[in-house]
2 protein chains.
Amino acid sequence: MRVGVIGGGQLARMMIPAAVNLGVELRVFAEDEGMAADLAAAVVGDYRDPDEVLQFAEGVDVITFDHEHVPQLVLRKLVEAGVAVRPGPDALLYAQDKLLMRQKLADLGLPVPVWARVENSFELGEFLAENGGTAVVKAARGGYDGKGVRVVRAAHEADDWFATLAEDANGGALLVEELVDFQRELAQSVARRPSGQILAWPVVESVQRDGVCAEVIAPAPGALGKVADVSSDIAYTIAEKLGVTGVLAVELFETTDERVLVNELAMRPHNSGHWGIEGSTTSQFEQHLRAVLDLPLGATGVREPWSVMINVFGGASGVPMIERYPLTLAEHPTVKVHNYGKEPRPGRKLGHVTATGADLDEVAYEARAMASKFEV
Amino acid sequence: MRVGVIGGGQLARMMIPAAVNLGVELRVFAEDEGMAADLAAAVVGDYRDPDEVLQFAEGVDVITFDHEHVPQLVLRKLVEAGVAVRPGPDALLYAQDKLLMRQKLADLGLPVPVWARVENSFELGEFLAENGGTAVVKAARGGYDGKGVRVVRAAHEADDWFATLAEDANGGALLVEELVDFQRELAQSVARRPSGQILAWPVVESVQRDGVCAEVIAPAPGALGKVADVSSDIAYTIAEKLGVTGVLAVELFETTDERVLVNELAMRPHNSGHWGIEGSTTSQFEQHLRAVLDLPLGATGVREPWSVMINVFGGASGVPMIERYPLTLAEHPTVKVHNYGKEPRPGRKLGHVTATGADLDEVAYEARAMASKFEV
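Residues numbered from 1 in each chain as written. Chains lettered and ligands numbered in written order. Predicted model: local features only at pLDDT ≥ 70, side-chain atom pairs only at ≥ 80, totals over all residues.

K.L.:
Report on the overall build of chain A, specifying residues and quantitative values.
P.N.:
Scanning chain A for helices and strands turns up twelve helices and 17 strands. In terms of overall dimensions, chain A is globule-like: its C-alpha atoms have a radius of gyration of 20 Å, near the 21 Å expected for 376 residues. Along the longest, intermediate and shortest principal axes, the C-alpha atoms of chain A span 55 × 50 × 45 Å. The buried share of chain A, taken over its 376 residues, is 53%. For chain A, contacts bridging at least 24 residues in sequence account for 64% of all contacts bridging at least 6. (Helix = DSSP H or I, 4+ residues; strand = E, 2+ residues; numbered from the N terminus. Rg over C-alpha atoms; globule rule 2.2 N^0.38 Å. Buried ≥ 20, exposed ≤ 12 C-beta atoms within 10 Å, placed from the backbone. Contact = placed C-beta atoms within 7 Å.)

K.L.:
Let's hear about the environment of Ala 57 of chain A: which residues, and what values?
P.N.:
Residues and elements named next belong to chain A. Structurally, Ala 57 can be placed in helix 2 (residues 50-58). By C-beta crowding, Ala 57 is classed as buried, having 22 other C-beta atoms within 10 Å. A sequence separation of 144 residues divides Ala 57 from Trp 201, and the C-alpha atoms of the two residues are 30 Å apart.

K.L.:
Pulling in residues and values, what's your account of the domain arrangement of chain A?
P.N.:
Split by domain assignment, chain A resolves into domain 1 (2-85), domain 2 (114-178) and domain 3 (182-374). If you average the C-alpha positions of domain 2 of chain A and of domain 3 of chain A, the two centres end up 29 Å apart. (Domains from an automatic or database assignment.)

K.L.:
Please give an account of the interface of chain A and chain B that cites residues and values.
P.N.:
With 33 residues of chain A in contact, the opposing surface of chain B contributes 33 residues. Taken together, the elements giving at least two residues each to the side of chain A that touches chain B come down to helix 1 (10-22), helix 11 (325-331) and strand 16 (336-339) of chain A. With six residues, helix 1 of chain A is the largest single contributor of residues to the side of chain A that touches chain B. Classifying every residue of the side of chain A that touches chain B by side-chain character gives 20 nonpolar, nine polar and four charged. (Nonpolar A, V, L, I, M, F, W, Y, C, P; charged D, E, K, R; others polar.)

K.L.:
How would you sum up the sheet that holds strand 6 (residues 135-139) of chain B? Please name residues and give values.
P.N.:
Residue and element names in this part refer to chain B. Sheet architecture is open: four strands sit in the order 5-8-6-7, paired in antiparallel fashion. Two strands bound the open sheet, and with one partner strand each, they are strand 5 (115-118) and strand 7 (149-152). Averaged over neighbouring strand pairs, the angle between their axes works out to 25° when direction is ignored. Direction of pairing for strand 6 relative to strand 7: antiparallel, over a ladder of four bridges. Paired with Val 136 across the two strands is Val 151, which belongs to strand 7. Against the sheet, helix 6 (residues 121-130) contacts strand 5, strand 6 and strand 8 (174-178), and its axis sits at roughly 165° relative to strand 5. (Pairing = 2+ DSSP bridges. Axes fitted to C-alpha atoms, helices over the stretch in contact; angles between N-to-C directions.)

K.L.:
Describe helix 6 (residues 121-130) of chain A, and please don't skip the residues or the numbers.
P.N.:
Residues and elements named next belong to chain A. Along helix 6, the positions that sit buried rather than exposed are Leu 124, Phe 127 and Leu 128. Projected down its long axis, helix 6 shows its buried positions confined to an angular sector of 100°, all on one face. Within helix 6, the exposed residues directed more than 90 degrees away from the buried face are Phe 122, Ala 129 and Glu 130. Where helix 6 is buried, its residues contact strand 5 (115-118), strand 6 (135-139) and strand 8 (174-178). Once helix 6 finishes, Gly 132 follows within two positions and takes phi at roughly 80°, a positive value. (Arc of directions from axis to C-beta.)

K.L.:
Describe the relation of the copies chain A and chain B, naming the residues involved and giving the relevant values.
P.N.:
Mapping chain A onto chain B is achieved by rotating through 180° and translating by 0.0 Å along the same axis, at an RMSD of 0.0 Å. The operation mapping one copy onto its partner corresponds to a two-fold rotation axis. Using C-alpha coordinates, one finds that chain A approaches the rotation axis most closely at Pro 17 of chain A, a distance of 2.2 Å. Looking at chain A, 100% of its interface residues are interface residues in chain B too, so the copies touch through the same face. (Least-squares fit on C-alpha atoms with pLDDT ≥ 70 in both.)

K.L.:
I'd like a rundown of the sheet that holds strand 5 of chain A, residues and numbers included.
P.N.:
Residue and element names in this part refer to chain A. Spatial ordering of the open sheet is given by 5-8-6-7, a layout of four strands whose pairing is antiparallel. With one partner strand each, in any of the chains shown, strand 5 and strand 7 (149-152) form the two edges of the open sheet. Averaged over neighbouring strand pairs, the angle between their axes works out to 25° when direction is ignored. Two elements, strand 5 and strand 8, share four bridges in a ladder whose sense is antiparallel. Its bridge partner lying in strand 8, Trp 115 is registered against Glu 177. Helix-sheet contacts for helix 5 (residues 98-107) involve strand 5, strand 6 and strand 8, and the interaxial angle to strand 8 is about 50°.

K.L.:
Lay out the nonpolar core with the relevant residues and their values.
P.N.:
Grouped together as the largest cluster of nonpolar side chains are 248 residues, with contacts concentrated most on Met 15 and Leu 248 of chain A together with Leu 248 of chain B. Contact partners of Leu 248 of chain A, with chain neighbours within four places excluded, come to Ser 189, Val 190, Arg 192, Ala 235, Ile 238, Ala 239, Leu 265 and Met 267 of chain A. (Core = buried A, V, L, I, M, F, W, Y, C linked by C-beta atoms within 7 Å.)

Printed below as a string of structure tokens:
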């Protein structure tokens, strides 16, 4: 069995161990030489070019993704050519376009923040007036890790984005949402096979810094009751109704009045699920491969009571993670390191560490302490 | 950091996930195209050819092994050329030659079966007469998985082997040992860094069938006291006194009169340690990479109370493991599969499965049931 992955980043990289264990051949269509998933790179090309992608697809049994940026045109051509594309273009659309996603989730009756589609500053002003004078404006397409998201308190604060949209031949609009008063962010991942089986991991708590995931605690503390039920119900519904195949990660807000609202969707392994490599019986990378190959899903229980995952970002010194191993590995022998093999740059996600165990305070301390020693 | 591995079998293959996680580049010197470690194969060549191996070594920081068959001549040339060879030739010698191993362990005062070096059937007859009329004869070199081992009850039963030795320009002798009356076999693995740090995993029980490892239970049931202490003490002593670097696996007999005797040594990751991929905080493959790179070793505790590993052998039907996935993965969602990607042949080791959990009976049942469904 051969799985083709479009995109050569760390998510494709972390599929390699899962593929090795399962005896599945992984072929990566990378954007460039020397990327994180270089070891499995079969092709270097432009994923926006239908011909290059079609040719790559000929050598594999199924196509899946490291990111959601492959244009619909390319996805549709793959499907027309009879290629198994998982998730398919109809599902991926909702991970690619936040306006369509919000509309679809609202249509499904799922809990979402108050939102509107706004085409100009006048409409944005109206939304602000109706929602307490503060709002979050999001580009419908292309945003990630906090990019394409802005908190505004006056209608003119998105003028530059409206100006850009006006130049876009496709026209378009921005998504505006209430600034949700949340007590914390959660993430709920599930995997779904084409034949219908869906399985959820425990809901996790995700701590963002500057719009980027910094830390994940699995399971989310104190979320064993209603919050866990609601979260998994939301993710099951989205996976089913949108026909997602592979891993679906749903980012959620837990509000101060104890509601759970859908924030964003990702239809691929997601940073909030990295803890499961050590912490769950089946990691999201193995599960994604099983799901896109329509194989029975693996068990998703926790292997230890608590897992804490901390991202490692490049520090000012530009020192690669590996140079810190003599110190970090010696001081934290129980913590597992995942080094994406990237050139260090300040603020760049270079890897992550995961600690697991029975005592959350101790687990969190170990993981945070080790991660901080990498970021010098 | 680049680690070069000589040999492209499943042990090299299982180093790939560990290398991906640590961000270490793995380059494999494979015997052939399409071997188990094909994904990391950098060179296909003959490991008995010093020039080919020396050239391969130029591109890496350290050389280590998937097997112990690299000739001493080649190993010595690498060392002379300034290559870091881990384990080094002085240590590897004792994993390559069972007579030298027995002599060395006896010199160190370690517990070994009654043994002798025999050059002809007369000497073998003497040993039989002194040891109850039954003995185990072993080729000093080249045996593995039960090959090169024979139980004899009469002096002439090794005549063919003596005849072969007589034709050998190097001369040579056979190792003869008492047939140990053991209640079970154990295996004790440790890892040692060049700078001296040594760390042991729990001692495990290893069940052999037809001289081949079939099943491993970790930790060995009921071996928490004296047996565990003696086993780890033996392995620490061997690692230190022989100057082993990387993983050392010591196969042991637990006799019916409750002594622990050394059976065999392996200076590389070993079948008896596969359970640790899921069952220990640090797998033997990750630990081997850490050790040969002289990095601090990871913690070796168990992640769940019990792990059971069962090897999967090719059955008569020649069906690849992957074709059984719809059945096996559906019925055993908690068991982890390791498929070495080899062409199936009857009796060939194609992979293994590992189950972990709190109840040994349940864990063993799950692992055995899944493995049996692969061997059709």
